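# Inside the fold
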Amino acid sequence: MIVITSVLVAIAVPAFSSISTRSRYNSAHSSFLSIDRAAKLYQIDWGGLPPNAAVGEMPPELSIYLQADVFAKPSPFGRAWDWNGPGSGIADHGPNLSIHTTTREHQDAMEQAFDDGSDTTGIYRRQSHYVVFPITTP
């Protein structure tokens, strides 16, 4: 009985870990999409994007388009969200997770799970130490 239980646990734990990890990536991707939609609505209304904001702080300009808890709660990786807007020095403006807020491995996994596999094209792009979800013109 103990052997059977041990075998079942040995099989179930890695499977559960994989499901948990995939869930975190799905949650992060969903948050990126929510921020993208809010920024595009702001862009339509105001003709540009909100200025750069501090790590973990939502640009106040997005408050009527996005629930504050998206930026207030940690990313699924336990760290803060960031917004690179005009004035940030980053070429592509949009929500991001930097190496200060996630690991390179998580950034690479997001690229593989939801994008084209290249960190220079597609919806996730690496710039400096950021994985950015660039906001494009609606």
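Predicted, not measured: the structure shown is a model, and the values here were computed from it. (Residues numbered from 1 in each chain as written. Predicted model: local features only at pLDDT ≥ 70, side-chain atom pairs only at ≥ 80, totals over all residues. Heavy atoms only, no water.)

### Observations concerning the nonpolar core
Membership of the largest hydrophobic core comes to 25 residues, with the highest contact counts inside it found for Trp83 and Met110. Within the residue set of this core, elements represented by two or more residues are α1 (2-46), α2 (69-72) and α3 (104-114). Of the residues forming this core, the biggest block, seven residues, is contributed by α1. (Core = buried A, V, L, I, M, F, W, Y, C linked by side-chain atoms within 4.5 Å. Buried < 20%, exposed > 50% of the residue type's maximum accessible area, 1.4 Å probe, protein only. Helix = DSSP H or I, 4+ residues; strand = E, 2+ residues; numbered from the N terminus.)

### A look at the side chain of Asp92
Structurally, Asp92 is set in the loop between β1 (82-84) and β2 (94-98). Of note is the side chain of Asp92, whose polar atom sits 3.4 Å from the side chain of Arg125. Those residues in contact with Asp92, other than ones at most four positions away along the chain, are Asn84, Arg125, Gln127, Val132 and Pro134. (Polar contact = N/O pair within 3.5 Å; in protein donor to acceptor, adjacent residues only side chain to side chain. Contact = heavy atoms within 4.5 Å.)

### A look at the side chain of Asn84
Here Asn84 is to be found in strand β1. A polar side-chain atom of Asn84 sits 3.5 Å from a polar atom in the side chain of Asn96.

### So, the environment of Thr21
You can see Thr21 is positioned in helix α1. In sequence terms Thr21 and Phe77 are 56 residues apart; their C-alpha atoms lie 9.4 Å from each other.

### Quick notes on the confidence of the model for the protein
Low-pLDDT portions of the prediction should not be read for the details of their coordinates. Counting all residues, the mean pLDDT for the protein is 78, and 81% of those residues have values of 70 or more. Across the protein, element-level confidence peaks in β1 with a mean pLDDT of 87 and bottoms out in strand β4 (residues 130-132) with 73. (pLDDT = per-residue confidence, 0-100.)

### Examining the packing of aromatic side chains
Applying the stated criterion to the full structure yields three aromatic pairs. Seen in terms of ring centroids, Phe32 and Trp81 are 4.9 Å apart; in terms of plane orientation they differ by 85°. Their pairing is edge-to-face. Here Trp81 lies in the loop between α2 and β1 and Phe32 lies in helix α1, a separation of 49 residues in the sequence. Overall, Trp81 belongs to the buried group, its relative accessible area being 0%. Taken together, a centroid distance of 6.0 Å and an interplanar angle of 85° make the contact between Tyr42 and Tyr65 edge-to-face. Of this pair, Tyr42 sits in helix α1 while Tyr65 sits in the loop between α1 and α2; the two residues are 23 residues apart in sequence, bridging distant segments of the chain. In textbook terms, an aromatic cluster arises when at least three aromatic residues are bridged by ring pairs, as seen for Tyr42, Trp46 and Tyr65. (Phe/Tyr/Trp six-rings, centres within 6.5 Å; stacked < 30°, edge-to-face > 60°.)

### Considering the pattern of salt bridges
If you walk through the whole model with that rule in mind, you get two salt bridges. Where Lys40 meets Asp36, a salt bridge forms, and the shortest distance between an N and an O atom there is 3.3 Å. Remark: Asp36 and Lys40 occur in helix α1; sequence separation between them is four residues, near one turn of the helix. Take Lys40: its relative accessible area is 22%, and that puts it in the partly exposed class. (Salt bridge = Lys/Arg side-chain N within 4 Å of Asp/Glu carboxyl O.)

### Things to note about the environment of Asp36
Overall, Asp36 belongs to the buried group, its relative accessible area being 8%. A sequence separation of 59 residues divides Asp36 from Pro95, and the C-alpha atoms of the two residues are 7.4 Å apart. Excluding anything up to four places from it in sequence, Asp36 contacts Phe133, Pro134 and Ile135.

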